[in-house]
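# Remarks on the overall topology
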Amino acid sequence: MSSPTTGDPGTGTEGYKRSLGSRQMQMIAIGGTIGTGLFLGAGTAISQAGPSLIIWYAAAGAVLFLVMRALGELLTHHPVSGSFADYAHRFLGPFWGYATAWTYWIMWVTTGMAEITAAGQYVNYWYPGFDQWKTALISLVVLACANLISVKIFGELEFWFAIIKVTAIVGMILIGLGVLIIGFGDAGDTASVSHLWADGGVAPHGVWNSLMTLQIVLFAYLGVELVGVTAGETKDPEKNIPRAINSLPLRFGLFYLGALFVILSVVSWQEFHPGTSPFVAAFTKIGIPAAAGIVNFVVLTSALSSCNAGGLYATARMLRTAGRSGHGPEALGRLSKRGVPATAVVVSALVMALGVLINAIDPEHAFAYITAVSTGGAITVWSIILVTHLKYRRAVAVGLARKSTYRMPGAPYTNWLALAAFAFVTLLIAWESETRIALYVIAIWFALLGAGYPLARRRAARTPLVAAPADDPANTPPHRGPGRAPPPGGAPLPHARPSVAAERLPRTAPAWQHFLTGRR
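Residues numbered from 1 in each chain as written. Predicted model: local features only at pLDDT ≥ 70, side-chain atom pairs only at ≥ 80, totals over all residues. Heavy atoms only, no water.

Further remarks concern the pattern of salt bridges. Proximity of charged atoms lets side chains of opposite charge pair with each other. Counted according to the given criterion, the structure contains 4 salt bridges. A salt bridge links Arg407 to Glu73, with the shortest nitrogen-to-oxygen separation between them at 3.4 Å. Of this pair, Arg407 sits in the loop between α17 (366-397) and α18 (413-431) while Glu73 is found in helix α3 (residues 53-77), placing the two residues 334 residues apart along the sequence. Within the structure, one salt-bridge network assembled from shared partners comprises Glu73, Arg393 and Arg407. (Salt bridge = Lys/Arg side-chain N within 4 Å of Asp/Glu carboxyl O. Helix = DSSP H or I, 4+ residues; strand = E, 2+ residues; numbered from the N terminus.)

Over its 19 residues, α18 extends 27 Å from the first C-alpha to the last, a length consistent with the 27 Å expected when each residue adds 1.5 Å. Of all the residues in α18, the buried ones are Thr414, Asn415, Ala418, Leu419, Phe422, Val425, Leu428 and Ile429. (Expected span 1.5 Å × (residues − 1). Buried < 20%, exposed > 50% of the residue type's maximum accessible area, 1.4 Å probe, protein only.)

Another point: the packing of aromatic side chains. Evaluated as defined, the whole model comprises 15 aromatic pairs. Taken together, the aromatic side chains of Tyr57, Tyr221, Phe252 and Tyr256 make up a single cluster linked through ring pairs. The ring of Tyr406 carries Arg69 above its face, with NZ or CZ at 4.3 Å from the centroid. Its end group placed over the ring of Phe130, Lys134 keeps NZ or CZ at 5.9 Å from the ring centre. (Phe/Tyr/Trp six-rings, centres within 6.5 Å; stacked < 30°, edge-to-face > 60°. Lys NZ or Arg CZ within 6 Å of the ring centre and 35° of its normal.)

All right, on to unusual backbone geometry then. Note that the residue after Ala411, namely Pro412, is joined by a cis bond; omega there is 5°. By the secondary structure assignment, Pro412 is in the loop between α17 and α18.

All right, on to helix α15 (residues 291-325) then. When the terminal C-alpha atoms of α15 are compared, their 49 Å separation across 35 residues agrees well with the 51 Å that a helix rising 1.5 Å per residue should span. Thr315 marks where α15 bends most, by close to 25°. With 31 of 35 residues buried, α15 lies mostly within the body of the structure. Within two residues after α15, Gly326 carries a phi angle of roughly 90°, on the positive side. (Bend = angle between axes of the 7 residues up to and from the residue.)

Inspection of the secondary structure puts Leu264 in helix α13 (residues 248-266). For the pair Leu264 and Ala191, spaced 73 residues apart in sequence, the C-alpha to C-alpha distance is 9.0 Å. In this structure Leu264 touches Ile46, Gly50, Pro51, Ile54, His195, Leu196, Trp269 and Phe272, once residues within four positions along its chain are discounted. (Contact = heavy atoms within 4.5 Å.)

This brings us to the nonpolar core. Generally speaking, a soluble globular protein has its nonpolar side chains buried in company with each other. Grouped together as the largest cluster of nonpolar side chains are 142 residues, with contacts concentrated most on Tyr57, Trp102, Tyr104, Ile169, Phe279 and Trp382. Element by element, the count of residues in this core is highest for α15, at 16 residues. Non-local contacts of Tyr104, meaning those with residues more than four positions away in its chain, are made with Phe84, Glu225, Leu226, Val229, Ala314, Met318 and Val381. (Core = buried A, V, L, I, M, F, W, Y, C linked by side-chain atoms within 4.5 Å.)

On to the packing of helix α5 (residues 94-126) against helix α19 (residues 437-460), then. For any two helices packed against each other, the geometry comes down to the angle between their axes and how far apart the axes lie. Axis separation between α5 and α19 bottoms out at 10 Å; the angle between their running directions is 130°. Compared by their axis directions, α5 and α19 come out oblique. Two packed elements cross with a definite hand, and for α5 against α19 that hand is right-handed. Between α5 and α19, the contacting residues are Pro94, Phe95, Trp96, Tyr98, Ala99, Trp102, Thr103 and Ile106 on the first element and Trp445, Phe446, Leu448, Leu449, Gly450, Gly452, Tyr453 and Ala456 on the second. (Axes fitted to C-alpha atoms, helices over the stretch in contact; angles between N-to-C directions. Parallel < 35°, antiparallel > 145°, perpendicular 65-115°, else oblique. Left-handed = near helix turned anticlockwise from the far one by under 90°.)

Running from N to C, α3 and helix α12 (residues 237-246) point in directions that differ by 175°, and their axes come no closer than 10 Å. Here α3 lies roughly antiparallel to α12, going by the angle between them. When α3 is examined against α12, the residues Phe65, Met68, Arg69, Gly72, Leu75 and Thr76 are found in contact with a partner set consisting of Glu238, Ile241, Pro242, Ile245 and Asn246. Per-class residue counts for the contact of α3 with α12 are 6 nonpolar, 3 polar and 2 charged. (Nonpolar A, V, L, I, M, F, W, Y, C, P; charged D, E, K, R; others polar.)

Structure, rendered in structure tokens:
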């Protein structure tokens, strides 16, 4: 399948500039899987789960790989930047497109708030007297300006942010292996792989307490789906997207499992404490000078990377999708002369500025307040991707969508396996009073979405929609949804986005096909 273009091979159907090359795509994919959840949050998880944390990172990585394979099949079917929302609209119905766009937006806006909050904490390591909210504000302004200039600037920033994170992890692994094999450094005499089972067992506090860390583990993987958001601005997406997704198991194995294996072998899990970076603890134990300062710099860049890629880039693309589909103000759908959704970037930055206000009012609890929402929102979006993929496969089976060449293995069984895993984590979140707030917030959020949907639906009825692939079976006959007739003479609607959920089926079709399309 060729990339949809508007005549200019460097411009996608949505008007975006296809400026992100293979080099940037690969590093964005890598950077999206490495965040403060690993560099900082793993310290709390290790103190609670012990060495069994490695098992949960492996399990979560396997589930997220299934989500990404499902998304990859949808992306190669039709690469667009508003991917999850666009696919949810087509295969689940307009409400789910609307809900997905705004849920992904609020998820990353709150995560961006958490990251600029964390940035303020990291700068305080060097400058204790500098107000945390000032760092948060400066970081937000600089990153917003970079996103407003061009997507190429964004790509370069993410490339170098990812280089710093990868260098830190690979350095930790190589140094740790040197300590284990050769025995150099202050930890040479005590470092041993036996730390993984000898200091109270693999799950020293019990399996149940160990399982309770799964929320922290999933938060660490937040951002893996960013590959899907970049699809509309990626050169040769049919080649580069599968390449980026297929390399995920290797990256998960190296950056998460490899790093944790080495760290927990060099330093006993008993020496880790909540709020302490495991990288700082390991480097300090080995005797690396200025270890804390080095890791603090890496974690700072990690926080800025997450804010840049998710908090501003991804949220702006989702807001533009909402604006173009009529599920948000029309102004959000506009592009600047540089091909950047400038209005959407500014709106996201202004909402993220609330994180600066929270930092000024209650800096001690700001991070905890904000991150409570992120994991719940991520599970919601990941689950919608899996269900959308199920509906897409059914649409392919009845000839309502074109078959993708990049197929998710084991579907639909692997879809249900991943959904069951997310349901289990949701139960764990509900079990703990400290994390239960995330479910309350998600419930309130969906109530607000439901209340706002009638307005969005009326606006969408007046808004031209985005085109499906030209050779997609859903384009025959052209339409814009139930009750909308094509123009006189049967000419195609140039901006129509057919929704599989709105296709009309014969009355003799099986009941499950009517369920698929939403027809009785």
